[in-house]
Amino acid sequence: MARIPIFLMGLLFLCFNIARAEAQYINYKDPKQPLNSRIKDLVSRMTLEEKIGQMVQIDRSVASAEVMKKHFIGSILSGGGSVPAQKGSAETWINMVNDFQKGSLSTRLGIPLIYGIDAVHGHNNVYKATIFPHNIGLGATRDPELVKRIGAATALEARATGIPYVFAPCIAVCRDPRWGRCYESYSEDPKIVQAMTEIIPGLQGEIPANSRKGVPFVAGNKKVAACAKHFVGETTKGINENNTVINRHGLLSIHMPGYYNSIIKGVATIMVSYSSWNGVKMHANHDLVTAFLKNTLRFRGFVISDWEGIDRITSPPHANYSYSIQAGINAGIDMVMVPYNYMEFIDGLTFLVKNKIIPMSRIDDAVKRILRVKFVMGLFEEPFADMSLVHQLGSQEHRELAREAVRGSLVLLKNGAEKPLLSLPKKTSKILVAGSHADNLGYQCGGWTIEWQGLSGNNLTEGTKILTAIKNTVDPKAQVVYKENPDADFVKSNNFSYAIVIVGEHPYAETFGDSLNLTIPDPGLTTITNVCGTVKCVVIVISGRPVVIQPYVASIDALVAAWLPGTEGQGVADVLFGDYGFTGKLSRTWFKTVDQLPMNVGDAHYDPLFPFGFGLTTTPTHFN
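Residues numbered from 1 in each chain as written. Predicted model: local features only at pLDDT ≥ 70, side-chain atom pairs only at ≥ 80, totals over all residues. Heavy atoms only, no water.

**Student:** What should I look at first to understand the pattern of salt bridges in this one?
**Tutor:** Two side chains that carry opposite charge are able to pair once their charged atoms sit near each other. Scanning the entire structure with this criterion turns up 30 salt bridges. Linking Asp287 and Arg248 is a salt bridge whose minimum nitrogen-to-oxygen distance equals 3.0 Å. Taken as a pair, Asp287 in helix α12 (residues 286-296) and Arg248 in helix α10 (residues 248-255) lie far apart in primary sequence, 39 residues in all. On the basis of relative accessibility, which here comes to 35%, the residue Asp287 falls in the partly exposed class. Its relative accessible area of 33% is what places Arg248 among the partly exposed residues. When the shortest N-O distance is used, the salt bridge between Asp365 and Arg362 registers 2.7 Å. On the criterion of helical spacing, the pair formed by Asp365 and Arg362 is a turn pair, its members being 3 residues apart in helix α15 (residues 360-377). Residue classification places Arg362 among the buried residues on the basis of a relative accessible area of 9%. (Salt bridge = Lys/Arg side-chain N within 4 Å of Asp/Glu carboxyl O. Helix = DSSP H or I, 4+ residues; strand = E, 2+ residues; numbered from the N terminus. Buried < 20%, exposed > 50% of the residue type's maximum accessible area, 1.4 Å probe, protein only.)

**Student:** Looking at this structure, how should I read the sheet that holds strand β12 (residues 411-415)?
**Tutor:** Two orientations exist for strands paired in a sheet by backbone hydrogen bonds: parallel and antiparallel. Spatial ordering of the open sheet is given by β12-β17-β16-β15-β13-β14, a layout of 6 strands whose pairing is mixed. Looking at strand neighbours, the two that pair on one side only are β12 and β14 (479-483), the edges of this open sheet. On average, adjacent strands in this sheet sit at an angle of 20° to one another, irrespective of strand direction. Of the strand pairs in this sheet, strand β15 (residues 498-504) and strand β16 (residues 537-542) are connected by 6 bridges, and their pairing is parallel. Among the inter-strand pairings, Val503 is bridged to a residue of β16, identified as Val541. (Pairing = 2+ DSSP bridges. Axes fitted to C-alpha atoms, helices over the stretch in contact; angles between N-to-C directions.)

**Student:** Is there a simple way to explain the packing of helix α2 (residues 35-45) against α15 in this structure?
**Tutor:** Each packed pair of helices is defined by two parameters, the angle between the axes and the distance between the axes. Across the interface, α2 lies against α15 with an axial gap of 10 Å and an inter-helix angle of 130°. With respect to each other, α2 and α15 are oriented oblique. Crossing handedness for the pair α2 and α15: right-handed. Counting all contacts with α2, which are made through Leu35, Asn36, Arg38, Ile39, Leu42 and Val43, the residues of α15 involved are Asp364, Val367, Lys368, Leu371, Arg372, Phe375 and Val376. Split by residue class, the contact of α2 with α15 holds 8 nonpolar, 1 polar and 4 charged. (Parallel < 35°, antiparallel > 145°, perpendicular 65-115°, else oblique. Left-handed = near helix turned anticlockwise from the far one by under 90°. Contact = heavy atoms within 4.5 Å. Nonpolar A, V, L, I, M, F, W, Y, C, P; charged D, E, K, R; others polar.)

**Student:** When you look at the nonpolar core in this model, what are you seeing that I'm missing?
**Tutor:** The tendency in soluble globular proteins is for nonpolar side chains to be buried as a group. One finds Phe231, Phe345 and Leu349 to be the most contacted residues of the largest nonpolar core, which totals 118 residues. When sequence neighbours within four positions are dropped, the list of residues in contact with Phe231 reads Met256, Tyr259, Ile270, Met271, Val272, Ser273, Met282, Leu288, Val289 and Leu293. Core analysis: the second largest hydrophobic core is formed by 68 residues, Val501, Ile520, Cys532 and Ile549 among them. (Core = buried A, V, L, I, M, F, W, Y, C linked by side-chain atoms within 4.5 Å.)

**Student:** Is there a simple way to explain the UniProt feature "domain: Glycoside hydrolase family 3 C-terminal" (unreviewed entry) in the protein in this structure?
**Tutor:** Taking the numbering used here, the UniProt-annotated feature "domain: Glycoside hydrolase family 3 C-terminal" (unreviewed entry) corresponds to residues 410-617. Taken end to end, residues 410-617 comprises 18% helix and 16% strand; its first and last C-alpha atoms sit 10 Å apart. (UniProt positions renumbered as here; feature names shortened; annotations may be inferred.)

**Student:** So what exactly am I meant to see when it comes to the state of the cysteines here?
**Tutor:** Throughout this description, disulfide means a covalent bond between two cysteine sulfur atoms. Tallied over the full model, the rule gives 2 disulfides. Linked covalently through their sulfurs, Cys174 and Cys182 form a disulfide whose S-S length is 2.0 Å. Between Cys174 and Cys182 the disulfide shows an S-S torsion of about -100°. By sign, it is left-handed. Take Cys182: its relative accessible area is 1%, and that puts it in the buried class. Of all cysteine sulfurs, the one in Cys174 lies closest to Cys170, which takes part in no disulfide; the gap is 9.2 Å. (Disulfide = S-S within 2.5 Å.)

**Student:** Is there a simple way to think about the pairing of strand β1 (residues 56-59) in this case?
**Tutor:** Within a regular beta strand, the side chains point alternately toward one face of the sheet and then the other, so they alternate between its two faces. What you see with β1 is no split at all: Val56 and Ile58 on one side and Gln57 and Asp59 on the other are buried throughout. Two strands pair when backbone bridges link them, and β1 and strand β11 (residues 336-337) are joined in this way by 2 bridges, in the parallel orientation. Along β11, the bridge assignment pairs Gln57 with Met337. By the bridge criterion, 3 bridges tie β1 to strand β2 (residues 75-78) in an arrangement that is parallel. Pairing of Gln57 across the sheet is with Ser75, part of β2.

**Student:** Sorry if this is basic, but what is going on with the side chain of Asn440 here?
**Tutor:** With respect to the helices and strands, the residue Asn440 is situated in the loop between β13 (430-434) and α17 (441-445). The exposure class of Asn440 is buried, given its relative accessible area of 8%. A distance of 3.0 Å separates a polar side-chain atom of Asn440 from the backbone nitrogen of Tyr443. Once you skip the residues sitting within four places of it in the chain, Asn440 turns out to touch Ser456, Gly457, Asn458 and Lys465. (Polar contact = N/O pair within 3.5 Å; in protein donor to acceptor, adjacent residues only side chain to side chain.)

**Student:** Just checking my understanding: could you explain the pairing of β2 for this structure?
**Tutor:** Side chains of β2 alternate between two faces, with Ser75 and Leu77 and Ile76 and Ser78 buried alike. With helix α4 (residues 65-71) bridging β1 and its parallel neighbour β2, the resulting β-α-β unit is right-handed. Examined bridge by bridge, β2 and strand β3 (residues 114-117) share 4 bridges and lie parallel to one another. By the bridge assignment for β3, Leu77 is matched with Gly116. (Right-handed = clockwise from strand over helix to strand, strands pointing away.)

Below is the structure:
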């Protein structure tokens, strides 16, 4: 008789353990479960407070583990120049990101944060990172495979610092070089921009053959989530954050094609533009963000605002923040780059949802999209960064790739009147190197380098200045004389074999780069006049766009557009001295005067100084 109760007790104990195991099993934490099943399970467990937290992105300067835990914040970013320490190491970055992540994982549901950063020409906020040429230069290479390799290198360098999400690529089609963001655009030609979306599989990995169109894809912890930006359009008269005046056909045929390709390639996120389309702010444009991007193009990743983007819906910005939240979220923005006053946003959005001004279905759509990206990235399985990739930051392999990109981006616009000046001989007696940009790494890199607006000088990061590259390349017996702005008498009295003049724009980003005159800052033009009137000269223009050069072309023997080449100035010398040939082609029209602008290939009034696609070529000469 005693054996029956023991058997029953065993059965009860077994049932209890099965029930406990089932209770401990959580669907959304199981990577073997289908993606949509995990998303649905997690959303069903979330409170309104937890959902709204996921929609918030804050700057690292106001973040902490405690803030992440208390407010369920979904994302942190580093704005331009927002760093854990000046000249901080990869380990410093990783420790910061992991500390924030601990706060997120200590919440009830343990939803990991996603950390984002602008990495628009390499991992450009970070000391010792490889800085690649800006997009305008990459467009001149006409080499999507090269751009794809740059994406892969950028992903490794971002992951080397513990960061899994980059706000790149910019796939704007800049049609007016007066715009301060023009160097972020690959070309005035939408076909080139489409081709350069190959950077996305470089950043994220190749999308599987059976993947559904529009579903984001990130291939593990050596890749990053990308962000196609800025949706959609450019600006009028080169004024940043202005109005795109164009009909729907023009918008879809010129400015939208890059997004078609990005979505097909599985881009994880899309950032909305500050600008308007025919007077309607993009951050409030339901027709384009929800009806077209999400419903027509079937984009399944998340839509993120720009920095304080919803504030700019009103004029002046932040004039009616409750309205801005309502307009932005209802338009289809999923994650808001707040980035500082997060409680004002959280409280405002909570009020609007509780009062049914914003429907819960809109919140659920946003949260599902954000979670989809986090699940696809594997953040739930591997939320912490480790130190295994720190050696990738600024690696020699990546610097060689950047040097290759510099070589391919150089466009030879003039090469002698009667006989070619380039390639330059390495063996010669005395060379003059002049100009404000010859010995200035910051000028060479341009905006979005360490700081948002870029920097002048040689203390910002590690790299090779063009002057150093020239000295490295010429025969050891050749005397290289550097003088930033020599007068004509100095040039005449020194019996130089030839001169290399390197001048151009000072660093800028966004609105600070808007320019109606597009002239090279003083004393650049004076340097050209003083040198090129006296000795055979090659002028190298460092700029984010075509600039006024027509009045000086006749006195210049050889003219090179080097754009914003980044840290690897050796690539300039490689081509200048004939170790490699010039191959770059203009990715945008070079105007004669600013009065012609905007002027793009195909226009009825097309009368350029150098047309779109122009670029002289040379063959390697290997002078010794």
